[in-house]
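These are the residues of each chain, in order.
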Amino acid sequence: MSVLEREASVGMTPEHIRSQRLPLVVNIGIGVLALVLSAVLVLSTGIGNWVLVVVLGVVLYLVGLLAAATRVEGRRSARNRLWRSLVYAACVLAVLPLASVVWTLVSKGAARFDGDFFLTSMNNIGARDENGGAYHAIVGTLEQVGIAALLAIPLGVLGAIYLVEYGRGKFALTVRFFVDVMTGIPSIVAGLFVLAFWVLIVSPWFNNGVPRFSGFAAALALTVLMLPTIVRSTEEMLRLVPGPLREGAYALGVPQWKTILRVVLPTALPGIITGIMLAIARAAGETAPVLLVAGGAPFINFDPFLGNQSSLALFVYQQAGDASKYAQPRAWTAALTLVALVLILTIAAKLLARRNRLSR
Amino acid sequence: MAKRIEASNVSSYYGSFKAIDNVSMTVEPKTITALIGPSGCGKSTFLRSINRMHEVLPNARIEGRLTIDDQNIYDSDVDVTAVRRMIGMVFQRPNPFPTMSIFDNVVAGLRLNGVKRKSTLEESAEKSLRAANLWDEVKDRLGRPGAGLSGGQQQRLCIARTIAVEPQVVLMDEPCSALDPISTLAIEDLMFKLKDRFTIIIVTHNMQQAARVSDKTGFFSIDKTGDPGRLIEYDDTQKIFSNPSEKKTEDYITGRFG
Amino acid sequence: MGDYPSRSVDTDAGGPGATDGRDWAAGSGVSPSSPGHPPLGGGGALPKKSRFSTESGFRALSTAAGAMVLVIIVAIAIFLVSKAMPALQENTENFLTYKRWFPNDANPNFGIAALAFGTVLSSVLALLMAVPVALGIALFLSHYAPKRLATPLGFTIDLLAAVPSVVFGLWGRDVLLSPVRDFSEWLNKYFGWIPLFGGNGPFGRSVLLGSLVLAIMVLPIITSLSREVFQQTPGMNEEAALALGATKWEMIRTAVLPYGRPGVIAAVMLGLGRALGETIALALTLSATFDISFNLIESGGNTIAANIANTFAEANDTGRGALIASGLVLFAITLVVNMAARVIIYRRREFRDNAA
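Residues numbered from 1 in each chain as written. Chains lettered and ligands numbered in written order. Predicted model: local features only at pLDDT ≥ 70, side-chain atom pairs only at ≥ 80, totals over all residues.

1. Digging into the overall build of chain B
Short version of the rule: Numbered from the N terminus, helices here are DSSP runs of H or I no shorter than four residues, and strands are runs of E no shorter than two. Within these notes, the globule rule equals 2.2 Å times the number of residues to the 0.38 power, and the radius of gyration is based on C-alpha atoms. In this scheme every C-beta is placed from the backbone, and a residue whose C-beta has 20 or more other C-beta atoms within 10 Å is buried, one with 12 or fewer is exposed, and one in between is partly exposed.
Counting secondary structure elements, chain B contains 11 helices and 10 strands. Scaling as 2.2 N^0.38, a compact globule of 258 residues should have a C-alpha radius of gyration of about 18 Å, and chain B matches this with 18 Å. Overall size of chain B, expressed as C-alpha extent along the three principal axes, is 55 × 45 × 30 Å. Among the 258 residues that make up chain B, the fraction classed as buried is 51%.

2. Examining the packing of helix H11 (residues 256-284) of chain A against helix H14 (residues 327-355) of chain A
Residues and elements named next belong to chain A. Heads up, the condition is: Angles here are taken between N-to-C directions and fall from 0 to 180 degrees, while the axes themselves are lines fitted to C-alpha atoms, restricted in helices to the stretch in contact. Roughly parallel means an angle under 35 degrees; roughly antiparallel means over 145; roughly perpendicular covers 65 to 115; every other angle is labelled oblique. Crossing handedness is read from the near helix: turned anticlockwise from the far helix by less than a right angle, it gives a left-handed crossing, and turned clockwise, a right-handed one. By the criterion used throughout, residues are in contact when their C-beta atoms, derived from the backbone, lie within 7 Å. Note that Gly is not counted as nonpolar here; it falls among the polar residues with everything else outside the nonpolar set of Ala, Val, Leu, Ile, Met, Phe, Trp, Tyr, Cys and Pro and the charged set of Asp, Glu, Lys and Arg.
Running from amino to carboxyl end, H11 crosses H14 at an angle of 165°, the nearest separation of the two axes being 9 Å. Accordingly, the angle class assigned to the pair H11 and H14 is roughly antiparallel. As H11 runs across H14, the sense of the crossing is left-handed. The segment H11 lies against H14, with Pro270, Gly271, Ile273, Thr274, Met277, Leu278, Ile280, Ala281 and Ala284 engaging Leu341, Val342, Leu345, Thr346, Ala348, Ala349, Leu352 and Ala353. Looking at the contact of H11 with H14 residue by residue, the class counts come to 14 nonpolar, three polar and no charged.

3. Looking at the interface of chain A and chain B
On the side of chain B, 21 residues touch chain A, which itself brings 14 residues to the contact. Residue classes in the side of chain A that touches chain B are distributed as seven nonpolar, three polar and four charged.

4. Quick notes on the pairing of strand S8 (residues 199-203) of chain B
Residue and element names in this part refer to chain B. Going by this rule: By definition, two strands form a pair when at least two bridges between them are found by DSSP.
Across the five residues that make up S8, a large majority, five, are buried. Of the two faces of S8, the one lined by Thr199, Ile201 and Val203 and the one lined by Ile200 and Ile202 are each fully buried. Alignment of strand S3 (residues 32-36) against S8, held across four bridges, turns out to be parallel. Across the sheet, Ala34 pairs through a bridge with Ile202, a residue of S8. Judged from the five bridges that link them, strand S7 (residues 169-173) and S8 form a sheet pairing that is parallel.

5. Here's the deal with the environment of Met182 of chain A
Looking at the element boundaries, Met182 of chain A is found in helix H7 (residues 169-182). Here Met182 of chain A falls in the buried class, since 23 other C-beta atoms lie within 10 Å of it. The spacing of Met182 of chain A and Tyr317 of chain A is 135 residues in sequence and 25 Å in space, taken between C-alpha atoms. In contact with Met182 of chain A, not counting residues within four places along its chain, are Pro228 of chain A together with Val69 and Ile73 of chain C.

6. So, the domain arrangement of chain A
Residue and element names in this part refer to chain A. Heads up, the condition is: Marked domain ranges trace back to an automatic or database domain assignment.
You can read the domains of chain A as domain 1 (2-110) and domain 2 (117-355). Contacts between the two partners involve four residues from domain 1 and, on the opposite side, five residues from domain 2. Of the residues contributing to the side of domain 1 that touches domain 2, the split by class is two nonpolar, one polar and one charged.

7. Structural notes on the packing of helix H3 (residues 113-144) of chain C against helix H6 (residues 207-231) of chain C
Residues and elements named next belong to chain C. In the contact formed by H3 and H6, the axes pass within 6 Å of each other and the chain directions differ by 35°. Crossing of H3 over H6 shows right-handed handedness. Residue composition of the contact of H3 with H6, by class: 21 nonpolar, nine polar and one charged.

8. Side note on the confidence of the model for chain B
All names here are of chain B. Put simply, the rule reads: The pLDDT value expresses, per residue, how confident the predictor is, ranging between 0 and 100.
For chain B, per-residue confidence averages 89 on the pLDDT scale, and 98% of positions sit at 70 or higher. Least confident of the elements in chain B is helix H8 (residues 181-194), whose mean pLDDT is 87; most confident is S3, at 94. Prediction confidence for the complex, expressed as pTM and ipTM, is 0.86 and 0.91 respectively.

9. Comments concerning the interface of chain A and chain C
With 74 residues of chain A at the contact, the number on the chain C side is 70 residues. With 18 residues, helix H4 (residues 75-109) of chain A is the largest single contributor of residues to the side of chain A that touches chain C. Its residues assigned to classes, the side of chain A that touches chain C comprises 54 nonpolar, 14 polar and six charged.

10. A closer look at the UniProt feature "domain: ABC transporter" (unreviewed entry) in chain B
Our working definition: UniProt positions are given in the numbering used here, feature names are shortened, and annotations may be inferred rather than shown by experiment.
What UniProt calls "domain: ABC transporter" (unreviewed entry) maps, in this numbering, to residues 5-247 of chain B. With 35% helix and 26% strand, the stretch residues 5-247 of chain B has end C-alpha atoms that lie 27 Å from each other.

11. Some details on the nonpolar core
Residues and elements named next belong to chain A. Operational definition: Linking buried Ala, Val, Leu, Ile, Met, Phe, Trp, Tyr and Cys residues through C-beta atoms within 7 Å yields a set, and such a set is a nonpolar core.
Judged by nonpolar contacts, the single largest core of 285 residues is most densely connected at Phe193, Val194, Ala217, Val293, Val316 and Ala335. Counting contributing residues per domain, this core is built from domain 1 (2-110) and domain 2 (117-355), each supplying no fewer than three. Listed in part, the six residues of the second largest apolar core include Ile30, Ala34, Tyr61 and Ala78.

12. Re the sheet that holds strand S6 (residues 87-90) of chain B
Residue and element names in this part refer to chain B. Ordered in space as S6-S7-S8-S3-S9-S10, the six strands form an open sheet in which the pairing is mixed. In this open sheet, the two edge strands, each paired with only one partner strand, are S6 and strand S10 (230-236). Direction aside, neighbouring strands of the sheet carry axes that sit 15° apart on average. Relative to S6, helix H7 (residues 151-164) is tilted by about 175°, and along the sheet it contacts S6 and S7.

13. Some remarks on the UniProt feature "transmembrane region" (unreviewed entry) in chain A
Residue and element names in this part refer to chain A. According to UniProt, the feature "transmembrane region" (unreviewed entry) maps to residues 21-44, 50-70, 82-106, 145-165, 177-201, 213-231, 263-284 and 331-353 in the numbering used here. What you have in residues 213-231 is 89% helix and 0% strand, and the ends, taken at the C-alpha atoms, are 28 Å apart. For the annotated span residues 331-353, helix accounts for 100% and strand for 0% of the residues, and the straight-line distance between the end C-alpha atoms is 32 Å.

Structure representation (structure tokens):
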């Protein structure tokens, strides 16, 4: 007699390889029974509504299934079943809020999705005016994100080149580590940093000693947030460039900087662009730093260096906090616009990544 | 302990690709059977079909009958886990669980099957490690990670893990291909020792190894790439290596092919 | 990575006239070498490495860009401290233990106790809700779902990560609020004897609502990282478990979960970092009170970040300084959490690379 037969009463001979399965009918039966039982329990005692019926029903079903399967199929198989059900349940649970967000965005955002919204600002729009739009905010977002990209892309790509091509030893490891750490810096902290550094200390130099909010300050904060993302994604792409490609160029006597600019970067370019687009998408959705340093103006201001600016995300936040009954539809439409912008960027980036030969 | 295995008209598929075609053979209890043949001839696929590991891969399926003591393991009411418990497997590359100690690795199968008592586990671990000729080398460091052993030791650890469950049949999929000659010899010695208790089927690339260890040998081959593998000849090892009845077998044995 | 050409050449050996970066033809007859370095080989000297070439300029530029990251992190600390100090000196209460927030008064009195408590409470609660679900989805994507389903679903989860936090906040306040309020009233009615669900209302804009929204927001981060580590489980270990007669779940418990554990811990900590710093979603869903209370369902709750967003507009000089001081605390906390997570990930990567 084997250890298993003795200690765990597990059959180890060919006669024991067969086991009973819980028939599907029983499975469904347990489900129906659980739901009915739950409905009777909940509704007769009046302790809840249909939501509780469903929740309790699911719990009862899982318990019943576990009990029935343990009886028919054995403990291990029953446990296997239970965990599979839980894993599937987790997925349903996660998809529900996502569906709700999408549905709300579209249904509530469609109300003000009109020409007026995209062509006017909030200048001179009072609490009783139902029109007003986000033109100024869109201008702000584009300018701030654009400037941030101009600053962060060269810095980020060069930083990644340092890490991959030149960086050796402790210093490079430290840089790499803190690039990773920096990706986790809260956006509000980046906002506070630019507030302390640029708005409160540097900007008074140019403004007769008075601190000044500006779109450029927001761009600086977004730069801080974009930089680590771009360094990381570019670094990953550069590392994928095959070594022989570099060596081939070196063997021809091409200096290293030229090899990097003419051979390595172009090879990795599609992947780098993907990373940059994802970073831009993330920056475009940031509210907190813009709230702290851009000032948030209701009027159109094309100059990012002079005077307050708004942004789409900030516009959503401000309208959400506005007491006017016309503010909520504006907030939702702006949110829809923002999500559309961000998702288009993200999806385009991911599709580009899929076509990228290097990452295969 | 050991049981007879009978395959009749077994064909295995990966999706629409037919990997082996119509294999029939009988493996007697307490023997060592070697499966040889060129790369891609389906001998590993056939081996994996015997304990239903073939179907772990996506879209893999099988046709035909495969019985162990007249019980068809591919019947619909068969519990796959029971089959695999009874028919253990050692893989090509040593694969101890990297997060577990040597001891935990050996008793992993027992724990999975519900053995909890510590004394039983310890007793069983020692017995299996001794049977795998590994006890003397690791008895002082059972709590150390299994991944810290040498390749040959890791493979013997995997054999110990497999036989700890006390299966009826042990399948070995090129168990020595990743090992040096000395470790290979150690494992071959081990196979002779295990033969008293288990039915062993081994897939090997190494014809000398097949000739050294096995009682019977099956020769698999394919006509050309993309064709399914077939069992060309299956006979006593001595006969296969001295006087094969098929021309293809002779070509392969003498090195004129493959 | 072997030695690159530029590294194998002695950088200190720049000769006179060799600063223009032009290559000297070997064997041109005019050796630029100094007498101390006789040319090797018969034909002539190899070109000298110049002191200020494009190469070294480019190298310096990229090194500076890399160093920029360190500069920024240090600068964040320095500038936050410099702007926080004056406000902290004017504070009439203990910054770390005082609960209320009146930095704009003539006698500024403010403390971070309630805010820090609220930050930790809502983040931990969010993780308690998000982690099991995230691990479930990660396992589903890596081991249960057919590939046809796993790819689009994984893509969708990644998109969820891209949705701006202000949108989640708006959704939480306008859509999720009323079911959460109903649920809170129900909890209070039947489980009011548990302090977590006690109180007399009003309910709704509570820690529960805030952490639910937070949970949804950190879900994609934890999911995608855990999914990655689960997928990296060596197939041969999974097969080993199956070959011992494990069921699918037992295989996951024996081979997949232990192997992925450090990665999952790191993922959870990154999620925690994100939750701690989340601002706008919580500014929109919490009620901004200044209590230390474990009551989850009564209107209330506040966090460091949400408080900054809520009170920034009315803040005077001291008020701003006080907010910056609170941001400094947040920075320190998230820095520690993120560094710990990264150390775990780095260790694991080394372990994996060595094992391979």
